[in-house]
Amino acid sequence: MMNKKYESKKQFESSPELSKNNKIDLFSGVQLSLLSVLLIAIYTTVIKLIEVIQDTYGLGSFFGISGRAVLSLWPFYLYIGFLSFLTFANKRYQNVIVRVLKQISDKTISRLGYVNFLFYLFLIGLYCLKYFIDLDIWLYDDSLSVFVFFHFGLLGAILIRAIKEFSLLTSLVMSFSGYGLILFTIFWIPAVHSYPLTMGWSEGSRYYYASLFFSERLYGFQIPLPSMHPSRYLMQSAPFLIPNASILVHRLWQVLLWIALPVMCGIALVRRIKPGKKWFGLAIVAWFTLFIFQGPVYYHLLVVILIVLLGFNREKLGLSILFVILASMWAGISRINWFPVAGMLAATLYILEIPQEKKSFLMYWGWPVGSVFVGLFSAFVAQLIYVFLSGRTAEQFTSSFSSPLLFYRLFPNDAFGPGVLLLLLIASFFSIIILLRCLLPNLHMWRPLRLLGLLSILLALMVSGIIVSTKIGGGNNLHNLDAFLVVLAVIIIYVLFFRFIQEDQDQIMSSNLPAFWVLLSVLGLMINLVGIMRHYPSLDNNRAWRDIEQIQALIEEKVPEGGEVLFIHNRHLLTFNMIEGVEMVPEYEKIFLMEMAMSENEAYLSAFKNDISQHRFDLIVMEPLFLGIKDSSEHFAEENN
């Protein structure tokens, strides 16, 4: 028994690419790698070519297109022809290409060694530069972004490949993952802004709800704590510990949370699987960060993941359950569909890291099943405690149970394009292929119940996420399938790097890894992210401050002493003292009012209608309202109505 345990531990901590028994070369398949690179290169070049030709429409007589402009693009045609020849050439020619690339990298570039990384960083700088030449012109939704991203990434891969410890596929994965991580980071940079008004539909409201944890100091009286996403606002409230911190500081803090939490979870995952080489670790962190951003997974929810990844120990299950309880209590003040996630992630790690061997069904499965129920119970207890301390009624925490469900948003529709199910397929297809390609040749290493356990966890999270996605107010992205994406990513990394513990230590693992799919999943993920990121609007600080001065003047003119001003919208203006002489009215903030309307909370809405009809407020600050009723073919029609 001792030898068996020792062998399991040794297998878990060994490096797959150095394993003599399994002979695993993690990133192999040069021809397939080259083929996928060529296909993507052709794709990005053709897309860019079509875009340029479309821009000339109306400038000439050749079907409305300028013939001179079309002819001037001859370098693109030659480039596409060259790429097509390489793509459809037989393996003999491709082998020649690989040997030529290898000779160039080995005989020339490789002599620079790790200095190549400086050139790689230089390329990243060039790529990022186009986002900062003019902050009002961002190219996230422009095909040029895909074109430049891919070709700079390819140059970066050649530089990384010149360091001899990297194979072609390794360098490609590292290069594109690195560029993607940089893209993820610079996406958030424009959010760090001193613009005084809200930068989105609900952005300003977030700072108001974060301020409620310090309401007595900020407003002079106690305001009930937030009922929606309390843990998010608790994390966002940290800058209020700094006296007179500006909105710029709060935005900077939120951006740091968006960037740091996914990266920290990726690092925690790398620490668990010990990939052997630090470069693989960096690629895993980048891939994990970008994969879960497809949700996106909100940073306050990633605290649950981080606690379990750091705290679970297969040799100290008693201590591990304490971390499950801690993570579940955080989930209890986060989001109700995350109540079981800490226990389910711990159960996933248990199944991956602990073989059943000769244990009885009850002895093996008691802990993972128990962890889920303990986690659920802990989350409910934490929520009950928070409800008691918040100063709000219990029904204000359960609005999601009475909101309408809009099942049409699961499928392609006029209002939300592809729909939730197709978005989910696009986000996870290549990764699931990798998982299956790694699992199927090694099924003999698993007990069927272990695989069934993992499948059950994924299906439970996927089905619950799909149902929640139909709730009014959602359905336009995958953020309600966040837990599914996280657990899927963890399982994929464990299986891809052979970090699951097999039942029979004497059996040889198959090293038939899907090199083509590994690269294609990374490239598909990058291109998908380039497509879903959107630029921030142009912001005019001077005009915003003129609007604030108008509001201040209206208050001084229209509101008598002791009168009430209701800020439904842009309430953070009071939080940051941008408006003076107004006492905060806690009721009827826009996000909460909208939530109560969607859940048809008659008691709350009746009080609102009564206050309006009785002219309680001398002035109401709200964005422009329109009385038009939309049909279901329009974006967020039900929410508007």
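In case you missed it, the structure is sitting above this.
First, a word on what this report is: a plain description of the structure on this page. Going along each chain's sequence as written, the residues are numbered from 1 onward. Local features in this predicted model are restricted to residues whose pLDDT is 70 or higher, and side-chain atom pairs enter the listing and the counts only when it is 80 or higher, whereas totals over whole chains, interfaces and linings include all residues. For side-chain calculations, the full set of non-hydrogen atoms in the structure is used, while hydrogens and water are omitted.

Brief notes about the overall build of the protein chain
Basically, it comes down to this: Here a strand is any run of E in DSSP of at least two residues, a helix any run of H or I of at least four, and the numbering for each starts at the N terminus. Relative accessibility thresholds used throughout: buried, under 20% of the residue-type maximum; exposed, over 50%; partly exposed, between the two (1.4 Å probe, protein chains only). Throughout, a contact is declared for two residues whenever any of their heavy atoms are within 4.5 Å. Note on areas: Shrake-Rupley with a 1.4 Å probe; residue coverage comes only from the protein chains shown.
Of regular secondary structure, the protein chain possesses 26 helices and three strands. Put simply, the protein chain has 641 residues, and 54% of those count as buried. Contacts in the protein chain between residues at least 24 apart in sequence constitute 77% of all its contacts with a sequence separation of at least 6. Only carbon and sulfur atoms are counted for the fraction: they give 66% of the accessible area of the protein chain, which is about 29,800 Å².

Comments concerning unusual backbone geometry
Residues other than glycine predominantly adopt negative phi, and peptide bonds predominantly adopt the trans conformation. Here the amide bond leading from Gly295 into Pro296 is cis, since omega sits at -5°, within 30 degrees of zero. Here Pro296 lies in the loop between helix H13 (278-293) and helix H14 (299-311). Residue His615 is not a glycine yet carries a positive backbone phi of 55°. Position of His615 among the secondary structure elements: in the loop between helix H25 (602-613) and strand E3 (619-621). A residue is classified by how much of its surface remains accessible, and His615, at 67% relative accessible area, is exposed.

Some words on empty space enclosed by the protein
Spelled out, the test is: Site definitions follow a grid-based scheme: protein atoms alone, a 1 Å grid, a 1.4 Å probe that fits but cannot get out for cavities, and for pockets an open set with protein on both sides within 12 Å along at least five of seven lines, plus lining residues having an atom within 4 Å of a point. Grid points are joined across faces, edges and corners, and a volume is the space filled by probe spheres set on the points. Any residue that is not Ala, Val, Leu, Ile, Met, Phe, Trp, Tyr, Cys, Pro, Asp, Glu, Lys or Arg is counted as polar, Gly included; the first ten are nonpolar and the last four charged.
Counting across every chain of the model gives four cavities of 30 Å³ or more. Its boundaries defined by the atoms lining it, the largest cavity holds a volume of some 160 Å³. Those elements giving two or more residues to the lining of the largest cavity turn out to be helix H8 (168-188), H13, helix H20 (482-496) and helix H21 (515-532). Looking at the lining of the largest cavity residue by residue, the classes come out as 13 nonpolar, two polar and no charged.

Section: helix H24 (residues 590-598)
Here is the rule we go by: Here a polar contact is taken to be a pair of N or O atoms separated by no more than 3.5 Å, where protein atoms must pair a possible hydrogen donor with a possible acceptor and residues adjacent in sequence count only if both atoms sit in side chains.
Of all nine residues making up H24, seven are buried, and the element is well covered by its neighbours. For H24, the set of buried residues is Lys590, Ile591, Phe592, Leu593, Glu595, Met596 and Met598. In this structure, the buried residues of H24 make contact with helix H9 (203-211), H25 and helix H26 (637-640). Sitting at the amino-terminal end of H24 is Glu589, which places a side-chain oxygen 2.8 Å from the backbone nitrogen of Ile591.

A short note on the packing of helix H16 (residues 341-353) against helix H17 (residues 361-390)
Definition in use: To obtain each axis, a line is fitted to C-alpha atoms, and for helices this fit is confined to the stretch in contact; angles are then taken between N-to-C directions over 0 to 180 degrees. In these notes the angle categories are as follows: under 35 degrees is roughly parallel, over 145 is roughly antiparallel, 65 to 115 is roughly perpendicular, and the rest is oblique. Crossings are sorted by hand: turned counterclockwise from the far helix by less than a right angle, the near helix makes the crossing left-handed, and turned clockwise it makes it right-handed.
Relative orientation of the contacting elements H16 and H17 amounts to 155°, with a least axis distance of 7 Å. Between H16 and H17, the angle is such that the two are roughly antiparallel. The interaxial crossing formed by H16 with H17 has right-handed handedness. Mapping the contact onto sequence places Gly343, Met344, Ala346, Ala347, Tyr350 and Ile351 in H16 and Met363, Tyr364, Trp365, Trp367, Pro368, Ser371 and Val372 in H17. When grouped by side-chain class, the residues that make up the contact of H16 with H17 number eleven nonpolar, two polar and no charged.

So, the side chain of Ser328
You can see Ser328 is positioned in helix H15 (residues 317-332). Only 2.8 Å separates the side chain of Ser328 from the backbone oxygen of Val324, close enough to count as a polar contact. Among residues more than four places away in sequence, those in contact with Ser328 are Phe339, Ala342, Gly343, Gly375, Ser378 and Ala379.

Topic: the packing of aromatic side chains
Selection rule: Pairing of aromatic side chains requires ring centres within 6.5 Å, counting the rings of Phe and Tyr and the six-membered ring of Trp. Pairs whose planes differ by under 30 degrees are stacked, by over 60 edge-to-face, and all others tilted. In this analysis the charged atom, NZ for Lys or CZ for Arg, is taken to sit over a ring once it is within 6 Å of the ring centre and within 35 degrees of the ring normal.
Enumeration according to the criterion identifies 26 aromatic pairs in this entry. Considering the side-chain rings of Phe214 and Phe240, the 6.2 Å spacing of their centres and the 35° angle between planes classify their relative orientation as tilted. You can see Phe214 sitting in the loop between H9 and helix H10 (215-219) and its partner Phe240 sitting in the loop between helix H11 (230-236) and helix H12 (247-273), a full 26 residues away along the chain. Judged by its relative accessible area of 5%, Phe240 is buried. It is Arg571 that lies over the ring of Tyr208; its NZ or CZ is 4.9 Å from the centre. Directly above the aromatic system of Trp201 lies the positively charged group of Lys590, at a separation of 4.4 Å from the ring centroid.

Re the packing of H8 against H12
Relative to each other, H8 and H12 sit at 160°, their axes nearing to 9 Å. Between H8 and H12, the angle is such that the two are roughly antiparallel. Once H8 is placed against H12, the crossing between them reads as right-handed. Listed contacts from H12 to Leu181, Phe184, Thr185 and Trp188 of H8 are Val255, Trp258, Ile259, Pro262 and Val263. The class makeup of the residues in the contact of H8 with H12 is eight nonpolar, one polar and no charged.

Here's the deal with a nonpolar patch on the surface
Rules: A patch is a set of surface residues, each over 30% in relative accessible area and not in a salt bridge, joined within 9 Å for like charges and within 5 Å for the nonpolar side chains Val, Leu, Ile, Met, Phe, Trp and Tyr. Should a side-chain nitrogen of Lys or Arg be within 4 Å of a carboxyl oxygen of Asp or Glu, the pair is scored as a salt bridge.
Side chains of Phe361, Leu362, Leu449, Leu452, Leu455 and Leu459 sit close together on the surface and give an oily, nonpolar patch of about 590 Å² of accessible area. Looking at the nonpolar patch, the elements with two or more residues in it are H17 and helix H19 (448-469). It is H19 that contributes the most residues to the nonpolar patch, four residues altogether. For Leu449, the location among the structural elements is in helix H19.

Side note on the nonpolar core
The condition is simple: Throughout, nonpolar core names a set of buried Ala, Val, Leu, Ile, Met, Phe, Trp, Tyr and Cys residues whose side chains join them through atoms within 4.5 Å.
Ranked by size, the top nonpolar core spans 138 residues in total, and within it Trp287, Phe288, Ile305 and Trp338 carry the most contacts. When residues of this core are assigned to their parent elements, the largest contribution, 14 residues, is made by H20. When sequence neighbours within four positions are dropped, the list of residues in contact with Phe288 reads Pro262, Cys265, Gly266, Leu269, Val486, Ala489 and Val490. Tyr207, Ala544, Val559 and Phe608 belong to the second largest nonpolar core, which has 43 residues in total.

Focus: the environment of Tyr350
With respect to the helices and strands, Tyr350 occurs in helix H16. Judged by its relative accessible area of 3%, Tyr350 is buried. The spacing of Tyr350 and Arg450 is 100 residues in sequence and 9.8 Å in space, taken between C-alpha atoms. Residues within four places of Tyr350 in sequence aside, it is in contact with Phe312, Leu317, Met363, Tyr364, Trp367 and Pro368.

Some details on H19
For clarity, the cut-off: Expected span, for any helix, means 1.5 Å times one less than how many residues it has.
Between its first and last C-alpha, H19 extends 31 Å over 22 residues, near the 32 Å set by a 1.5 Å rise per residue. Taken residue by residue, H19 has Arg450, Gly453, Leu454, Ile457, Leu458, Leu461, Gly465, Ile466 and Ser469 as its buried positions. The secondary structure elements touched by the buried residues of H19 are H16, H17, helix H18 (420-439) and H20.

Focus: the pattern of salt bridges
On inspection of all chains with the given rule, the structure shows eleven salt bridges. Between Glu353 and Arg314 there is a salt bridge, with the nearest N and O atoms lying 3.6 Å from each other. Highlighted residues: Glu353 in helix H16 and Arg314 in the loop between H14 and H15, separated in sequence by 39 residues. For the pair formed by Glu353 and Arg314, the shared burial category is buried. Ionic pairing is found between Arg616 and Asp611, a salt bridge with its closest N-O pair at 3.0 Å. A single salt-bridge network, built from bridges that share partners, covers Glu564, Glu587, Asp611 and Arg616.

As far as function goes, none of this settles anything; it's purely spatial.
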